[in-house]
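Remarks on the overall topology
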Amino acid sequence: MKKDFIEEVTWRGMVHDLMPGTQKHLNEAPRAAYVGIDPTADSLHIGHLVGVMMLRHFQLAGHKPVALVGGATGMIGDPSGKSQERNLLDEETLRHNQNALKDQLSKFLDFKTEDENSAKLVNNYDWMKDFSFLEFIRDVGKHITVNYMMSKDSVKKRLSSESKEGMSFTEFTYQLVQGYDFLHLYRTQECTLQMGGSDQWGNITTGTELIRRIDQGKGFALTCPLITKADGTKFGKTATGNIWLDPEKTSPYKFYQYWINTSDEDAEKFIKIFTFLSKDEIESLVKSHKEQPHLRTLQIKLAEEITEAVHSKEALEKAKEASQVLFGKSTEEDLAKLDEATFLDVFEGVPLKELSKDLLKNEFDMIAALSAETDFLNSNGEARRALKENSIAVNKTKVGLDYVLTESDLINGKYVVINKGKKNTYLIKFD
């Protein structure tokens, strides 16, 4: 028995607006639905994941998911929720981005199944590139009034007195182009539902209006809430930017850490949206977490599930091992396992001193490492006291006053990690 898609996404907190009749329509027969994805980068970030999860739940319910890469709309820029126009891309860049996005989508959507509900990737540039301006305003534009377009919140916001930039004609026509996408997919893919973020409601309903006016058909709309964090900070962002699905842009370690550091309130919300765990499993986890919140049961399960889904089981295990380096009882062997990128992620923000590797050819003692050649400790005397008190570790191994650093101590051929006690960490980089 296939799940009821609307019931599934509703209990998960993934429904913001729903056009009346959508649930009945989906339960009558297998349907096709699409979500539009911005192709302005060659990777998805976690802000895209809600739409991807919606498509996956749609496929699991026996329906056909269509991921639309907005090659044409990416050349225009969507005004929804933005205060200014985006940079426009050339075709070669868009094609490269499309291929990269399909690889990432394949981790969630089955494009290869022999069943009728195999996922499909389309690019609206393919049907918009040969559409002349005159054809478009004749065949599409005449069916939607300017009054109708002006009534959309995304347009009102950009034309309001608070907006300094105003709105270009290019952006104003965006909703017509997106609306035509829905009409085109309704005709070519029998696509009857468009899903997206709540800021897309106006654009989506323009599509349902075109289907009604031009083809006398019926299209449906579903939007999910824009994900927010309980503390008011922006979801999916850190001080260094987006959390990407591409491991070259955001390492699996940093990806894992983002979810581990989720607040209790957000973790309870996010585990429903970003994992495929059942209702019973989630309720059990929530109960366990509330009984012993210090164990961070929800955060750990959330981080494990989503890191494995986006990266791999192996990448998850490496991320967990790397997490122990700063926060657990790790060893020199654990440090040696880290590749340089992950190593630098783990020790991001830790004070670092760069020294010449030539220094290691002579006896580079611990006084030099702690004070004379670095500023980790304030004086040679403080360094001696710390060494005598057995509170200094090199690469997680306790050392004494007689220890001498050599090239064999270098992690990734260049780094040494020094700890004073449990909380003070210092890096030396030998070049």
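For clarity, every value in this text was computed on a predicted model and none was experimentally measured. (Residues numbered from 1 in each chain as written. Predicted model: local features only at pLDDT ≥ 70, side-chain atom pairs only at ≥ 80, totals over all residues. Heavy atoms only, no water.)

Focus on the overall build of the chain
The number of helices and strands found in the chain is 21 helices and 15 strands. Projected onto the principal axes, the alpha-carbon positions of the chain cover approximately 85 × 45 × 45 Å. The proportion of buried residues among the 431 residues of the chain is 52%. Taking contacts inside the chain between residues at least 6 apart in sequence as the whole, the part at least 24 apart equals 71%. Carbon and sulfur atoms make up 48% of the accessible area of the chain, which amounts to about 21,200 Å² in all. Taking the average place of the 56 positive charges on the side chains of the chain and the average place of its 66 negative ones, the gap between the two points comes to 3 Å. (Helix = DSSP H or I, 4+ residues; strand = E, 2+ residues; numbered from the N terminus. Buried < 20%, exposed > 50% of the residue type's maximum accessible area, 1.4 Å probe, protein only. Contact = heavy atoms within 4.5 Å. Areas by Shrake-Rupley, 256 points an atom, 1.4 Å probe, with all protein chains shown as cover. Lys, Arg positive; Asp, Glu negative; His and termini not counted. Charge placed at Lys NZ, Arg CZ, Asp CG, Glu CD.)

Let's talk about the UniProt feature "binding site: L-tyrosine" (unreviewed entry) in the chain
In the numbering adopted here, UniProt assigns the feature "binding site: L-tyrosine" (unreviewed entry) to Tyr-34, Tyr-174 and Gln-178. A relative accessible area of 1% means that Tyr-34 is categorised as buried. Residues within four places of Tyr-34 in sequence aside, it is in contact with Leu-55, Val-66, Leu-68, Gln-178, Asp-181, Phe-182, Leu-185, Cys-191, Leu-193, Gln-194 and Met-195. Apart from the residues within four sequence positions on either side, Gln-178 is in contact with Tyr-34, Gln-194, Gln-200, Asn-203 and Ile-204. (UniProt positions renumbered as here; feature names shortened; annotations may be inferred.)

A closer look at the pattern of salt bridges
In this structure the tally under the stated criterion is 21 salt bridges. The partner of Asp-215 in a salt bridge is Arg-187, with the nearest N and O atoms 2.9 Å apart. Here the residue Asp-215 occupies a position in helix α12 (residues 201-215), and Arg-187 occupies one in helix α11 (residues 174-188), the gap between them amounting to 28 residues. Judged by relative accessible area, Arg-187 falls into the partly exposed class, the value being 43%. A salt bridge links Lys-414 to Glu-340; its shortest N-O distance comes to 3.3 Å. One end of the pair, Lys-414, is in the loop between β13 (404-405) and β14 (415-420); the other, Glu-340, is in helix α19 (residues 340-346), with 74 residues separating them in the sequence. A single network of salt bridges, built from pairs that share partners, joins Lys-3, Glu-8 and Arg-12. (Salt bridge = Lys/Arg side-chain N within 4 Å of Asp/Glu carboxyl O.)

Overview of the state of the cysteines
Overall, the coordinates contain 0 disulfides when judged by the stated rule. The structure places no disulfide on Cys-191, whose sulfur is separated from the nearest cysteine sulfur, that of Cys-224, by 16 Å. (Disulfide = S-S within 2.5 Å.)

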